[in-house]
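Residue-level structure breakdown
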Amino acid sequence: MAGRIVVAGASMGGLRAAEQLRAAGWTGPITVVGDEPHMPYNRPPLSKEVLAGKAPFESLAFTPKAAAADVEWRLGTKVVAARLAERTVELDDGEVMPYDGLVVATGMRPRRLRCPGPLAGRHTVRTLADAQGLRDGLTRPGARVVVVGAGFIGCEVAATAVGLGVHEVTVVDPLPLPMVGPLGELLARALLKRHEERGVRFALGAGVAGFEGEDRVTGVALSDGTVLPADVVVESVGSLANVEWLRGNDLDLTDGVLTCERLRVGGRPEVVAVGDVARFPNARYDGVPRRVEHWSIPTESAKHAAKALVAHLSDAEGELAPFAPLPTFWSDQHDFRLQSFGVPVLGLDDVRVLDGDPDGDVLVGYHADDRLVGVVALGGHSAAMGAARYRAQLLKQPALTA
Ligand SMILES: Cc1cc2nc3c(=O)[nH]c(=O)nc-3n(C[C@H](O)[C@H](O)[C@H](O)COP(=O)(O)OP(=O)(O)OC[C@H]3O[C@@H](n4cnc5c(N)ncnc54)[C@H](O)[C@@H]3O)c2cc1C
């Protein structure tokens, strides 16, 4: 098998792609280029166990599979451009690297607030360095913490901060409830109650107008005129896809990189995308292309994309099934877990309690056209197991029409 496969991005998606290329029979050289200085590591503990000091930073590293032992890792190196027509990528050290196959695995970065005020004291949580810096801030005695954004990561960080003994933790969001966008009102209300009972304060229905302070942040000014004193601010206001290096190739880069149902990019069978950055149509649902920022997707998409790429490069292209994963995520906050299967956001207009009670452990079903499209459990271990019992049913549901 001749030629080289270049993988851009050395995180979970990049690692799983390299491993799956070997599993799919690719014996040629594989080079993974990543701009972080580390070998791939696991991100979910960055806002939970690692931030809480319950797991050492070193525990995050993935152990690459033996089959991928001969992969070349170019770490601390950024891909700055791609010329897909010429099959080359350009690195930040000036090297132009030719490829026969290319895997796009450059993931996301945190969106930042563009408000006036100092930068020092303001944090995001995406990388190991981010989590280390934030932990230093949270463990400073008497720290007052404002978390901007009541989504998954904001809620997790607020819970971890309270667990660390921080007395003043306030979550700010222009929406009226935490995580109401992905979960809907019923669960968002239950979530708000649980957080408040455990000591998190909320300032909901107001955005951030600016940050107070000279050299470093001392407060967060809200759009309703309130000023919240703060020594540590966490900005968890969503993420942006790392796709700038793909510009100039006539690709749809509006939100991640658009792929076909086989995860191929721009109609080019030698270019595939995996993980958070891939915006793919899921044939299991309505076929509308979406990015899915869940931990399960890098592995599942790498499996599929590697097969598609190796089939093409080996001239063994047969019938490839479309990529149709059942998305799943979990989120640990305080002493409870959210566990989801399917795509709840497609069924927000028809939310039904399947088991339990929102004041205790609860299992909620999301429906579209009277079909179950997602389940979310909120509570302890048994609630999460309850959600898992619906996996088989979700997998059997007929596809939705667009
Ligand atoms: C704090 C946090 C907590 C999370 N918790 C959960 C959870 O509880 N449950 C869950 O289901 N999911 C969770 N996730 C989501 C999950 O971790 C992601 O879905 C997963 O990390 C995506 O992996 P990826 O490889 O696609 O992208 P990324 O992890 O974003 O990796 C992309 C890599 O490419 C690098 N890169 C970017 N541009 C370039 C370039 N031009 N050249 C070279 N390299 C580049 C980046 O630096 C990065 O190393 C969490 C994520 C975060 C950040």
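Residues numbered from 1 in each chain as written. Predicted model: local features only at pLDDT ≥ 70, side-chain atom pairs only at ≥ 80, totals over all residues. Heavy atoms only, no water.

1. Digging into the overall build of the protein chain
What counts, and what does not: Starting at the N terminus, helices and strands are each numbered in turn, a helix being any DSSP run of H or I of at least four residues and a strand any DSSP run of E of at least two. The globule rule used here is 2.2 Å times the number of residues to the 0.38 power, and the radius of gyration it is set against is calculated over C-alpha atoms. A 1.4 Å probe rolled over the protein chains alone gives each residue an accessible area, and that area as a share of the maximum for its type sets the label: buried under 20%, exposed over 50%, partly exposed in between. In what follows, residue pairs with any heavy atoms lying within 4.5 Å of each other are defined as contacts.
Scanning the protein chain from N- to C-terminus turns up 9 helices and 27 strands. For 402 residues, the compact-globule formula gives about 21 Å, and the C-alpha radius of gyration of the protein chain, at 22 Å, lands near that figure. Within the protein chain, the fraction of its 402 residues that count as buried is 53%. In the protein chain, 64% of the contacts between residues at least 6 apart in sequence involve partners at least 24 apart.

2. Description of unusual backbone geometry
In the Ramachandran plot, R87 falls in the positive-phi region, its phi being about 60 degrees despite a non-glycine side chain. Here R87 lies in the loop between β4 (79-83) and β5 (88-91). Relative accessible area serves as the criterion here: at 36%, R87 is assigned to the partly exposed category.

3. Comments concerning the sheet that holds strand β9 (residues 122-123)
To be explicit about the condition: Two strands make a pair as long as DSSP finds a minimum of two bridges between them.
The 5 strands are arranged β9-β16-β10-β11-β12 in an open sheet whose pairing can be described as parallel. Whereas interior strands pair on both sides, the edge strands pair on one side only; in this sheet they are β9 and β12 (201-204). With 4 bridges connecting them, strand β10 (residues 144-148) and strand β16 (residues 232-235) associate as parallel partners. Looking across to β16, one finds that V147 is bridged to V234.

4. Thoughts on the pattern of salt bridges
To keep it simple, the criterion reads: Note on definitions: salt bridges are taken to be side-chain nitrogens of Lys or Arg within 4 Å of carboxyl oxygens of Asp or Glu.
Within this structure, the stated rule accounts for 30 salt bridges. E156 is paired through a salt bridge with K48; the nearest N and O atoms lie 3.0 Å apart. You can see E156 sitting in helix α4 (residues 152-163) and its partner K48 sitting in the loop between β2 (30-34) and α2 (49-52), a full 108 residues away along the chain. For the residue pair E156 and K48, the accessibility class agrees, reading buried in each case. K193 serves as the salt-bridge partner of D359, at 3.2 Å between the closest nitrogen and oxygen.

5. So, the site of the ligand
Rules: Distances are taken per atom, and a residue is near a molecule or strand as soon as one of its heavy atoms is within 4 Å of it. Side-chain atoms alone can form a polar contact between residues adjacent in sequence; in general such a contact is a pair of N or O atoms within 3.5 Å, and within protein one must be able to donate a hydrogen while the other accepts it. In this description, accessible areas are obtained by the Shrake-Rupley approach with a 1.4 Å probe, and a residue is regarded as covered only by the protein chains that are shown. Asp, Glu, Lys and Arg are counted as charged, while Ala, Val, Leu, Ile, Met, Phe, Trp, Tyr, Cys and Pro are counted as nonpolar; the rest, among them Gly, fall into the polar class.
Lining the immediate surroundings of the ligand are 33 residues, of which D35, E36, R43, K48 and D276 lie closest. Within the backbone of G13, one N or O atom sits 2.7 Å away from an oxygen atom of the ligand. H294 is positioned with one of its backbone polar atoms (N or O) 3.5 Å from an oxygen atom of the ligand. Here the ligand loses 95% of its free accessible area of 1000 Å² to cover by the protein chains. Elements supplying a minimum of two residues to the shell around the ligand: α1 (12-23), β2, α4 and β23 (328-333). A per-class count over the shell around the ligand returns 13 nonpolar, 11 polar and 9 charged.

6. So, the sheet that holds strand β26 (residues 362-368)
The test is simple: Here the axes come from fitting lines to C-alpha atoms, over the contacting stretch only for helices, and the angles between their N-to-C directions go from 0 to 180 degrees.
On the basis of which strands lie adjacent, the open sheet formed by 5 strands has the order β23-β24-β27-β26-β25 and antiparallel pairing. Among the strands making up the open sheet, the edge pair consists of β23 and β25 (351-356). For this sheet, the mean inter-axis angle between neighbouring strands, taken without regard to orientation, is 20 degrees. With 5 bridges connecting them, β25 and β26 associate as antiparallel partners. In the strand pairing of β26, V351 is matched with Y366. Seen against the sheet, helix α8 (residues 381-388) touches β24 (336-342), β26 and β27 (371-379) and runs at an angle of roughly 170 degrees to β27.

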